[in-house]
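Fold and geometry: a report
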Amino acid sequence: MEIINTVKELKQALSSLRKKGKSVGFVPTMGALHQGHMDLVNRANTECDVVVASVFVNPTQFNNPSDLKLYPRTPEADGELLKKFGCDFAFFPSVEEIYPENRIVPQVDLGNLDQVMEGEFRPGHFNGVVQVVLRLFQIVEPDKAFFGLKDFQQVAVVKRMVSELKLPVQVVSCETLRTEKGLAMSSRNKRLSEEQKEEALIIFRTLSKAKEDASRFSSAETLQRAKAFFKTGNLQLEYLHIVHPETLQDLTDNWVPGATMCIACFCGEVRLIDNLTLIPY
Ligand code: PAF
């Protein structure tokens, strides 16, 4: 595996491989890598000839400076993991490489996708995600890009950006990886104590219970029951919604295939998000 820090070097390395007809799979990350990321690298390896992973804690997607400061950073361990899991190029760019002066900031119409849920509580977050993912796509020019469904709304936003800008990349969404007890794998889990990891299981229990309830109750009732159940734990709820999987609009009294429950909450100081498909596609 080659570790690369500059756009120029990465473009050079990839262009010669592309000339040989190799397909490129891309896994964008913010580091503090875990099994969930390695699952994306594995998937990229099975579907593409060459795998590139980027590790870049993107400042423009953090609306809260202390969240950015506290975001876990483990570059050495990240490099080791990427090598072990068969990544070909690990891209560790600086902020200047990603955001050079006088860059053009793209305007992308995301409809309402960036206004709800995460968008409501993290204003500007998806603008930052779109900026960085677009820039990374322009650098890597991947055939396929792999994203984890734990960030369900992010996947919808990136797909929308790709279709709005007619980018020649296929966005592949991959199932959320969970611990044996159900906690969704997340870089932020590194900031949880063992006790908090136990407490955070209320998230998956709430989602799983809602999935059971969905076969017997309306979406409004299922949501109310989930809110009440979540309150039996110790976490602070930020939002809990049942949404349409593509428009992300609330499903207030109807069910559709792919209806998804999305949650954001605080476990101590740590903000966690998760989701589960309640109605099969
Ligand atoms: O999901 C993430 O880790 C980030 O939002 C991403 C896609 C790497 C953009 O910074």
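Values in this document were obtained by computation on a predicted structure and should not be read as measured data.

Quick look at the packing of helix α7 (residues 125-140) against helix α8 (residues 152-164)
To characterise two packed helices, one gives the angle between the axes of the helices and the distance between these axes. As a packed pair, α7 and α8 sit with axes 10 Å apart at the nearest point and diverge in direction by 55 degrees. Comparing their axes, α8 and α7 come out oblique. As α7 packs across α8, the resulting crossing turns out to be right-handed. Seen from α7, the contacting residues are F126, V129, V130, V133, L134 and F137; seen from α8, they are Q153, Q154, V157, V158, M161 and V162. Here the contact of α7 with α8 is composed, by residue class, of 10 nonpolar, 2 polar and no charged.

A word on the sheet that holds strand β7 (residues 236-243)
Taken in spatial order, the 3 strands make up an open sheet running β7-β8-β9, and their pairing is antiparallel. Either end of the sheet is taken by a strand with one partner, and the two such strands are β7 and β9 (270-277). Each strand of the sheet is rotated relative to its neighbour by a mean of 10 degrees, with strand direction disregarded. Taken together, the 7 bridges between β7 and strand β8 (residues 260-267) define a ladder with antiparallel strand orientation. Note that in β8 the partner of H241 across the bridge is C262.

Side note on helix α4 (residues 75-84)
Every buried residue of α4 is accounted for by D78, G79 and L82. All buried residues of α4 project into a common sector of 100 degrees when viewed along the axis, lining one side. Facing away from the buried side of α4 by more than 90 degrees, the exposed set consists of E76, E80 and K84. Where the residues of α4 are buried, they touch α2 (35-47), β3 (50-55) and β4 (89-91). Of the residues flanking the end of α4, it is G86, one or two places downstream, whose phi is positive at about 85 degrees.

What counts and what doesn't
Within every chain, residues take consecutive numbers counted from 1 along the sequence as written. Given that this is a predicted model, residues contribute local features only at a pLDDT of at least 70 and side-chain atom pairs are listed and counted only at 80 or more, while totals for whole chains, interfaces and linings are drawn from all residues. As a convention, hydrogens and water are excluded, and side-chain values are obtained from all of the structure's heavy atoms. Interaxial angles span 0 to 180 degrees and are taken between N-to-C directions of axes, which are lines fitted to C-alpha atoms, for helices over the stretch in contact. Elements are defined by DSSP. Helices are runs of H or I of four residues or more, strands are runs of E of two residues or more, and each kind is numbered from the N terminus. An angle counts as roughly parallel when it lies under 35 degrees, as roughly antiparallel when it exceeds 145, as roughly perpendicular when it falls between 65 and 115, and as oblique in every other case. Left-handed is the label given to a crossing in which the near helix is rotated counterclockwise from the far helix by less than a right angle, and right-handed is the label when the rotation is clockwise. The criterion used for residue contact is that any of the two residues' heavy atoms lie within 4.5 Å. Here the nonpolar group is Ala, Val, Leu, Ile, Met, Phe, Trp, Tyr, Cys and Pro; Asp, Glu, Lys and Arg are the charged ones; every other residue, Gly included, is treated as polar. Strand pairing is assigned whenever DSSP identifies at least 2 bridges connecting the two strands. Note on classification: 1.4 Å probe, protein chains only; a residue is buried when its accessible area is under 20% of the maximum for its type, exposed when over 50%, partly exposed between these limits. The directions from the helix axis to the C-beta atoms are what the arc is built from.

No statement about biological role is implied by the geometric values presented.
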